[in-house]
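Survey of secondary and tertiary structure
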Amino acid sequence: MVVKICLGSSCHLKGSYKVVQKLRELQKEYPNLQLVGSLCFGNCISGISMEIDGKLYSGITAGNVVEIVKECMRKKGESNE
């Protein structure tokens, strides 16, 4: 699964680095999780944004990113084994 996280100035100021740290921790559990940085999704007003397999998610925080990604993994039938 490919996760693109916005690293543009607005998302950076809102804490996207902390989100990236959480995603890197999650990669240890899900080795098929691919992280890609992006400069901007044009959705700055909605908080930190990320895209998972083409679907845009907004309002991402270090507190909710793990559950969002795990839910997407479950929907795709991907496991951490």
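Preceding block: the structure.
Residues numbered from 1 in each chain as written. Predicted model: local features only at pLDDT ≥ 70, side-chain atom pairs only at ≥ 80, totals over all residues. Heavy atoms only, no water.

Looking only at helices and strands, the protein has 3 helices and 4 strands in total. Along the protein, helices (α) and strands (β) appear in the sequence β-α-α-β-β-β-α when read from the amino end. On C-alpha atoms alone, the protein measures out to a radius of gyration of 12 Å, which is about the 12 Å that the 2.2 N^0.38 rule sets for 81 residues. Dimensions of the protein, computed from the C-alpha atoms along their principal axes, are close to 35 × 20 × 20 Å. The buried share of the protein, reckoned over its 81 residues, is 32%. Put simply, of all contacts in the protein between residues at least 6 apart along the chain, 64% involve residues at least 24 apart. Roughly 4800 Å² of accessible area belongs to the protein as shown, and the carbon and sulfur atoms make up 52% of that amount. Distance between charge centroids for the protein: 7 Å, based on 11 positive and 8 negative side chains. (Helix = DSSP H or I, 4+ residues; strand = E, 2+ residues; numbered from the N terminus. Rg over C-alpha atoms; globule rule 2.2 N^0.38 Å. Buried < 20%, exposed > 50% of the residue type's maximum accessible area, 1.4 Å probe, protein only. Contact = heavy atoms within 4.5 Å. Areas by Shrake-Rupley, 256 points an atom, 1.4 Å probe, with all protein chains shown as cover. Lys, Arg positive; Asp, Glu negative; His and termini not counted. Charge placed at Lys NZ, Arg CZ, Asp CG, Glu CD.)

Here we take up the side chain of S38. With respect to the helices, strands and loops of the structure, S38 is situated in strand 2 (residues 34–38). Overall, S38 belongs to the buried group, its relative accessible area being 17%.

Moving on: the packing of helix 2 (residues 16–29) against helix 3 (residues 65–76). With their axes 9 Å apart at the nearest point, helix 2 and helix 3 run at an angle of 40 degrees to one another. Judged by the inter-axis angle, helix 2 sits oblique to helix 3. Pair helix 2 / helix 3 crosses with right-handed handedness. Contacts between helix 2 and helix 3 involve V19, K22, L23, L26 and E29 on the former and, on the latter, V65, V66, V69 and K70. Of the residues contributing to the contact of helix 2 with helix 3, the split by class is 6 nonpolar, no polar and 3 charged. (Axes fitted to C-alpha atoms, helices over the stretch in contact; angles between N-to-C directions. Parallel < 35°, antiparallel > 145°, perpendicular 65-115°, else oblique. Left-handed = near helix turned anticlockwise from the far one by under 90°. Nonpolar A, V, L, I, M, F, W, Y, C, P; charged D, E, K, R; others polar.)

So, about the sheet that holds strand 4 (residues 55–58). On the basis of which strands lie adjacent, the open sheet formed by 4 strands has the order 2-1-3-4 and mixed pairing. Two strands lie at the open edges of the sheet, namely strand 2 and strand 4, each paired on one side alone. Averaged over all adjacent pairs, the angle separating strand axes in this sheet is 25 degrees, with direction ignored. Summarising the sheet, strand 3 (residues 49–52) and strand 4 pair through 4 bridges and their orientation is antiparallel. Residue pairing across strands places M50 opposite Y57, the latter belonging to strand 4. The strands that helix 2 touches are strand 1 (2–6) and strand 2; relative to strand 1, the one it contacts most, it runs at about 160 degrees. Contacts between helix 3 and the sheet are confined to strand 3 and strand 4, with strand 3 contributing the most and set at about 15 degrees to the helix. (Pairing = 2+ DSSP bridges.)

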